[in-house]
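# Structure at a glance
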Amino acid sequence: MTEPTTDQRPRGWLVLKHHLLTHKIDVALWATRLATMVFTIGYILPVLGNPHNSYYKALMANAATSALRLHQRLPQVQFNRQFLSLFLLEDAAHYLFFSLIFLYSAPITLVLAPVVLFALLHSASYSLTLLDTLGQNSWWGARLLISLVEFQSRNILRMVAFNEIFLLPFSVFMIFTGKTSLVTPFLCYRFLGLRYTSRRNPYCRTMCHELRLSMEALAYNPKCPTFAKNVIYKAITFVSSLAPVVEAQ
């Protein structure tokens, strides 16, 4: 009868140091995501000086994360149409574009929501990798927090997708408050179109479909006035006509 095998890989601070030195881009991604979360907290709770500076630093940290991720996914830059097509298919390119959209407008708290949620989700995953180099039973408190984040990963991604959708009409409203320009809603529409056609993250499409079903259910309700039904159906038709065509995977 054979005894169960156990993981005999070395653990400890020297292993962690070796991992940090041999996975520099992954560690840099982890650091920029942590920076995104720290600066977001600094914007909401002004403990790091000027909260406006923290807001823009959070967006710049997110842009750095996106740039590093693009370097991993597309290491060979080429100046042709094929490379541009591949570039626009990458989720990291979408959020690099997202950071640039709002980097030159007034601070809007809602903008940081998808940025910090993605940073939380991905940094938690890599933090677990780093903790594993120290030992399976090390830092159990941090492991518990990471497991809670990973358990809620689906809800986090749904929340991010809803925020991506909601930012488009919200950016139109922000024009009247002077926080965005007339160009911002058009850029947000382009960003939302990229997210809708994402190959790796279907949550934006899923949320759009669920929102449409919810509105149709509201219109089907016998208590819904006729004029409200007509408005809902026209709105659904209009929004559906704006949705980009999703190519078969």
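Provided above is the structure to which this section pertains.
This text gives an overview of the structure that appears in the document.

### Description of the packing of helix α2 (residues 24–44) against helix α3 (residues 51–73)
- In the contact formed by α2 and α3, the axes pass within 8 Å of each other and the chain directions differ by 160 degrees. As judged from the angle between their axes, α2 and α3 are roughly antiparallel. Here the hand of the crossing between α2 and α3 comes out left-handed.
- By residue class, the composition of the contact of α2 with α3 is 12 nonpolar, 10 polar and four charged.

### Let's talk about the side chain of Arg195
- Counting through the fold element by element, Arg195 comes out in helix α9 (residues 184–196).
- Look at Arg195 and you get buried, because its relative accessible area is 2%.
- Discounting chain neighbours no more than four positions away, the residues touching Arg195 are Asp91, His94, Tyr95, Phe118, Glu164, Asn201 and Cys204.

### Some words on the packing of aromatic side chains
- Taken as a whole and judged by the stated rule, the model has 11 aromatic pairs.
- Ring geometry for Tyr95 against Phe118: centres 5.3 Å apart, planes inclined by 80 degrees, an arrangement best described as edge-to-face. A residue pair is termed long-range when its members are at least 10 positions apart, and Tyr95 in helix α5 (residues 91–103) and Phe118 in helix α6 (residues 109–134) qualify at 23 residues. Per residue, the accessibility class of Tyr95 equals that of Phe118, and both read buried.

What counts as what
Residues numbered from 1 in each chain as written. Predicted model: local features only at pLDDT ≥ 70, side-chain atom pairs only at ≥ 80, totals over all residues. Heavy atoms only, no water. Axes fitted to C-alpha atoms, helices over the stretch in contact; angles between N-to-C directions. Helix = DSSP H or I, 4+ residues; strand = E, 2+ residues; numbered from the N terminus. Parallel < 35°, antiparallel > 145°, perpendicular 65-115°, else oblique. Left-handed = near helix turned anticlockwise from the far one by under 90°. Nonpolar A, V, L, I, M, F, W, Y, C, P; charged D, E, K, R; others polar. Buried < 20%, exposed > 50% of the residue type's maximum accessible area, 1.4 Å probe, protein only. Contact = heavy atoms within 4.5 Å. Phe/Tyr/Trp six-rings, centres within 6.5 Å; stacked < 30°, edge-to-face > 60°.

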